[in-house]
Each structure stands twice: as structure tokens, then as C-alpha cells.
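Survey of secondary and tertiary structure
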Amino acid sequence: MLLGPATAWLVVFLVLPFIAIAVFSVGERAPEGGYQAAFTFAQYANLPARATAFWNTMVLAPIGALACLLVAYPVAYYLALRAPQRWRLILLALVVIPFWTSLLMRTYAWMYVLGGRGIPALLAYIGFEDVRLINTPGAVLLGIVYGYLPLMILPIYVSLERLDRRLLEASADLGATPLSTFLSVTLKLSLPGVMTGFSLVMILLLGEYLIPTLLGGGKVFFIGNALVDLFLQSRNWPFGSAIAITLVLVSVVVLIAANRISTRVSGARRVDLI
Amino acid sequence: MRTFVIAVFAFLYLPIALVVLFSFNAGRHASEFTGFSVQWYGTALANPFLVEALKNSLFIATTSALLAALCGTAAALGLARVGIRTRAVFDALLGAAIVVPGVVIGISTLVALVQLFTVVNPFLASIWPDDQPPRLALGYGSIIAAHGLFSMALVTMIVGTRLGSLDRNLVEASSDLYATPLTTFRSIVLPQIMPAIVAGFLLAFTFSFDDFIIAFFVAGAQTTLPIYVFASIRRGVTPEINAIATIVLVASVLLVVLAQWQLRQRKPSN
């Protein structure tokens, strides 16, 4: 009985909608837009029509997640193993706050920095005229790293913080160099956190809309942009549903792959964020 | 390494600091700070569309977070006493509600609700006695429900974690001393999980208040604050948006700090 409201909510607003788009994705587009019942895989066969959006997403999402990881790991490492005790909680809070702060506002901040009156104006001042930063793939990548850095830092921090420090001492006592201790103990044991962060960031990036729209200026199209277009502008719902289903399938593959890798290497499945 | 970490924190906070700084700019231009002024806050709060959007967002965030806190807490309590199978199915659904990208949640809710309305509205019209049957449409309800889905899953997880670390002995001692289950719940369990419920509520509120993409799909004719801000950003950067952004940032930061503080309070010391 306690589970009643939650079950109803999950069924009506998660399971049924998902079935609805699955049904739509094998349907046809009605002449005036919207949906017409059918059973065809034509929508899926038509996916290459949005190849650019898929290509941009499938290239920039992994690169973005990787860039996030490269920046996040040293920060998480410092927070978990090197930061002075009294600073740790404060620094951790400073990571959590952006995580819960509006992505729209944070992306807007970069429009400001990269826009004509931001860094380009400063560069012009010291002699580099006409530098274009906003509305480029580079700007989108920067926005991605900025937006998702906290989400990458947190799980890595959690897995590093749980690490048994005696293992590090043991490794050093047995004559391992700091580098090989890092590679075979620290990195290996923090891999569940790395994989959790990487897969979460990847999946959220697959559906990203705000960052490519605001920092890519209509030049860098993501799957999210294609979906907004198909559902809110050109109203081709069956085709949009096929794209959404594909997106979910790719996400599932990413999650499973991440779980497999961390299970194989370190034996632990995943890191819970909460 | 310390230098690198300091640089990363600067990277995280400098752009935000710039937005806040320029919200107090006396001039209109972003490149030069011409003096301190709060005029843009006045302009923002005198804009009726903006105030309307702000009120909508506050209403939606409060309602969806309240519903999520209630249903999520109930679900967490219920999950503590079901079989392992039911639990696994529920955990998978809750995980999906949290992990599925907002754009997919928005789309699927839109599709399902529009489909539902095309069935329900003619039906309501046929059974209604007069010419003014109620018409279901996208709006407050659909945004609240779609936001609540994520929030409820979040609350269930946070409260569930806290329930898991609850001292079972206290509950047993309470019933040994002839407390009714209700009394035990009110005087033993509830006080201990309260910080988690409050934290869940605050995080749910923040999520709903900040969400753009789900609301973008299911808002129908309604406007929330992020939808309004998104539309104005696309028309260009103005100090007025900086003022709104600053207000939203400060509000979010306060709520998150409050939530974290609640979560750390009276945490069982194990």
C-alpha cells in the first residue's frame, strides 16, 4: 500500500510513455503531422537522414566525457587523498553546488565569457583581432566539460575515499614506485567510480540540448536538437520516437559496457552517488 | 597538483562570478564595468512576463517536490518490507527514472499525454451534460508529474539509504516496550529519517526549479522561468538576464547548502 502512489507514478509517467514512443516508432507520420497507426521499420531505416546529429553526438559525447575525466580525476584524487582534513568538506561542497545549479545559467555564463564582448574583446585588446570562440565545436566541448565536471568528480571521489590506505603503504613497502602503485592499486580500485562517472556523463550528453544550442549556435547539432526539432517544430513524431528509442538503446549499451569493464578489472560493480 | 586543483575551482566559479558581477553593472554593455547599480534587478522584477514565469516555477517546484517527498518516503518505507524480486524491479525503474536523459522523459511524456487527451477529451465531451466540458491539456499538471517522476525516485533513494542505516534495535526495543507500530514510527523512525526527507524535498525543489528540457516539451501554453530565460537568451545577452541568473543562482546555492547540512545532521555514527 505504501508503494501504491510511487508505483502508479512510475507506471503512468515512465513505463507507459516509454511503451507509447516504442509504438510510435514503428508507426507512420500522418499527413498533417502526428501519428498514424502502422507496423513498419521505415522510421528506423530513415535514421541516416539525421546522420550529422548522430555523428556530432557520438563524437563529442565520448570526447567530452573523456576530457571531463582527465580534469576530474586529479581533483577527486586531491580531495580524497591529499586535501587537508578541514578543507575537504568545504572543497567537496564547492563541487556539489554547481552540480545542483541550473545548467542553463551556467551555460549562459560561458556565452558571456566566449561571446564577442568576452574573451575575444580581451584578445583584440592585446592584438589578436577577430578571434571567434562561440558557436564552434570547441565552445561546445568546453561547455560540456564545464557542465558535467561535478558529476564526474563525485563518483571518483567516493571510490577513492573508500580506498584502503594500507594498500598504498603496502605497495610502497614492497618496493613499488609511486607510479606503479598508482597504476596497479589506486587507479585500479577507483575504476568503478571512473566508470560510473563516465557512463553517467556519456548518457546525459547523448540527450544534451542546451549546451550545443547555446554554445554551438545552431552549427553544432546534437541528437537532442534533432529531437526538439522533430517534436516541437516539424512534428514528425514517429521518426522522433525512433530516434529516442535508439538513444535509449545506446544508453543501455553504454551502461552495460561500463559495468562490465569495472567488474572485470576491480571486481566491484558500481558506486552509488547518494 | 594543488595548482591544478585551484585552477579547476577557478574554472568552475569565475564564469558564474562574472555573471553576478555584471548584474550590478550600471551600463548596458558586457565588456566594461561602468559602475555599481541594482537597476537591472528593478527592470527584471518589473517585467510582468518574468514575474509570471517565476510564480509558475515556484508553484510547480513546490507542488512536485511535496508530492515527491510524500510518495518517495512512502515508497522507501514500503520497499523495506517487500520481497527481493519486487525490490529489484522497483530499483530498476527508479534508476531508469533518474538516469534516462531529460529529453527522452520530456518526449515520451508528451507523446503519452497527447495520446491520452485525444481519447479522454471526446469522451468527457460526450458524457458532459452541458456545452462546456472540461478539456484536459498540457500545463501545470504535466510539468508537475514529469518533474515529480525524477524527484520521487531521488527521494526514495535518499530516504531508503537512511532507512538502511537505521538502528534496528531501537525499533525492536520500542515494540518490546509495547509501543504500537504507529507510535514506533512517529517517535523512533520518523525523527531519524526526517533530515533525509527534508534534503530530498530541497533537492527535488531545486531540480524542478532549474529544469529546462522536460518542461520545454510538456509545458503546453505555460511558461516556466528557465523557458522564459532560454527564450530571452536566444534574443541576446542583457544585464536583465544576469540579474535573474544571479537571483536563481543564489537561491539554488542556499537550497543545496541547506540540503547538504540536513543530510549530514544526526547521521548515525558508523
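Residues numbered from 1 in each chain as written. Chains lettered and ligands numbered in written order. Predicted model: local features only at pLDDT ≥ 70, side-chain atom pairs only at ≥ 80, totals over all residues. Heavy atoms only, no water.

**Some remarks on the overall build of chain A**
The secondary structure content of chain A amounts to 13 helices and 2 strands. Projected onto its principal axes, the C-alpha coordinates of chain A cover approximately 75 × 65 × 35 Å. The buried share of chain A, reckoned over its 274 residues, is 54%. Accessible surface computed for chain A: about 12400 Å², of which carbon and sulfur atoms make up 67%. (Helix = DSSP H or I, 4+ residues; strand = E, 2+ residues; numbered from the N terminus. Buried < 20%, exposed > 50% of the residue type's maximum accessible area, 1.4 Å probe, protein only. Areas by Shrake-Rupley, 256 points an atom, 1.4 Å probe, with all protein chains shown as cover.)

**Structural notes on unusual backbone geometry**
One non-glycine residue, A:Asn135, adopts positive backbone phi at about 65 degrees. Within the element layout of this structure, A:Asn135 appears in the loop between helix H6 (119-125) and helix H7 (137-161). Phi at B:Tyr178 is positive, roughly 65 degrees, even though this residue is not glycine.

**Describing the packing of aromatic side chains**
By the definition in use, this model includes 25 aromatic pairs over all chains. Here A:Tyr146 and B:Phe11 contribute two aromatic rings whose centre-to-centre distance is 5.3 Å and whose plane-to-plane angle is 85 degrees, an arrangement assigned as edge-to-face. Of this pair, A:Tyr146 sits in helix H7 while B:Phe11 is found in helix H1 (residues 2-23), placing the two residues in two different chains. A relative accessible area of 1% means that A:Tyr146 is categorised as buried. Every member of this aromatic cluster is reached through a ring pair, and the members are A:Phe24, A:Tyr209, A:Phe231, A:Trp237, B:Phe212, B:Phe216, B:Phe217 and B:Phe230. (Phe/Tyr/Trp six-rings, centres within 6.5 Å; stacked < 30°, edge-to-face > 60°.)

**Focus: the nonpolar core**
Counting residues in each nonpolar core, the largest one holds 172 residues, and the members touching the most others are A:Tyr148, A:Ile156, A:Leu160, A:Leu227 and B:Phe217. Sorting elements by how many residues they give to this core places helix H3 (residues 51-82) of chain A first, with 15 residues. Split by domain, this core shows at least three residues from each of two domains, domain 1 (1-37) and domain 2 (48-264) of chain B. If we ignore the near neighbours within four places in the chain, the residues touching A:Leu227 are A:Gly240, A:Ile243, A:Ala244, A:Leu247, B:Val103, B:Ile107 and B:Phe217. (Core = buried A, V, L, I, M, F, W, Y, C linked by side-chain atoms within 4.5 Å. Domains from an automatic or database assignment. Contact = heavy atoms within 4.5 Å.)

**Some thoughts on the domain arrangement of chain B**
Where the parts come together, the accessible area they lose is often given as the size of the interface. All names here are of chain B. Partitioning chain B into structural domains gives domain 1 (1-37) and domain 2 (48-264). Taken over C-alpha atoms, the centre of domain 1 sits 32 Å from the centre of domain 2. Contacts between the two partners involve 7 residues from domain 1 and, on the opposite side, 7 residues from domain 2. Carbon and sulfur atoms supply 70% of the area buried between domain 1 and domain 2, which totals about 590 Å² over both sides. Among the residues of domain 1 in contact with domain 2, Val19, Ser23 and Arg28 are the three that bury the most area, contributing 61% of the side total. Our count for the contact surface shared by domain 1 and domain 2 stands at 0 salt bridges. Applying the counting criterion to the domain 1 and domain 2 interface returns 2 residue pairs in polar contact (both at pLDDT 80 or more). (Buried area = accessible area lost by both parts, 1.4 Å probe. Salt bridge = Lys/Arg side-chain N within 4 Å of Asp/Glu carboxyl O. Polar contact = N/O pair within 3.5 Å; in protein donor to acceptor, adjacent residues only side chain to side chain.)

**Digging into the interface of chain A and chain B**
Facing the 65 residues of chain A at the interface are 81 residues of chain B. Summed over both partners, the interface of chain A with chain B buries about 6700 Å², with 86% contributed by carbon and sulfur atoms. Contact with chain B buries surface across chain A, with A:Trp9, A:Trp100 and A:Tyr112 losing the most and accounting together for 13% of the total. Linking chain A with chain B are 0 salt bridges, by the criterion used here. For the pair chain A and chain B, the number of links is 6 residue pairs in polar contact (both at pLDDT 80 or more).

**Concerning helix H10 (residues 191-206) of chain A**
Along its 16 residues, H10(A) runs 22 Å from first to last C-alpha, staying within 8% of the 22 Å computed at 1.5 Å per residue. A large share of H10(A) lies buried, amounting to 15 of its 16 residues. (Expected span 1.5 Å × (residues − 1).)

**A look at the confidence of the model for chain B**
The pLDDT averaged across chain B works out to 86; a share of 96% of its residues lies at or above 70. The element-level mean pLDDT for chain B is lowest in helix H7 (residues 168-176) of chain B, coming to 82, with helix H9 (residues 213-218) of chain B highest at 94. (pLDDT = per-residue confidence, 0-100.)

**Some remarks on the packing of helix H1 (residues 4-25) of chain A against helix H4 (residues 84-99) of chain B**
At their nearest, the axes of H1(A) and H4(B) sit 11 Å apart, and the two run at 50 degrees to each other. With respect to their mutual orientation, H1(A) and H4(B) come out oblique. Seen along the crossing, H1(A) lies across H4(B) with a hand that is left-handed. Seen from H1(A), the contacting residues are A:Ala6, A:Thr7, A:Leu10, A:Leu14 and A:Val15; seen from H4(B), they are B:Phe90, B:Leu93, B:Leu94, B:Ala96 and B:Ala97. In the contact of H1(A) with H4(B), the residues fall into 9 nonpolar, 1 polar and no charged. (Axes fitted to C-alpha atoms, helices over the stretch in contact; angles between N-to-C directions. Parallel < 35°, antiparallel > 145°, perpendicular 65-115°, else oblique. Left-handed = near helix turned anticlockwise from the far one by under 90°. Nonpolar A, V, L, I, M, F, W, Y, C, P; charged D, E, K, R; others polar.)

**So, the environment of B:Gly72**
If you trace the backbone, B:Gly72 turns up in helix H3 (residues 48-79). Between the C-alpha atom of B:Gly72 and that of B:Gly148, which follows or precedes it by 76 residues, the distance is 9.6 Å.

**Notes on the packing of helix H5 (residues 103-114) of chain A against H1(B)**
Closest axis-to-axis distance for the H5(A)/H1(B) pair is 9 Å, and the angle between their directions is 80 degrees. Taken together, the axes of H5(A) and H1(B) are roughly perpendicular relative to one another. Residues A:Arg106, A:Tyr108, A:Ala109, A:Trp110, A:Tyr112 and A:Val113 of H5(A) form the contact with H1(B), whose own contacting residues are B:Phe11, B:Pro15, B:Ile16, B:Leu18, B:Val19 and B:Phe22. In terms of residue class, the contact of H5(A) with H1(B) is made up of 11 nonpolar, no polar and 1 charged.

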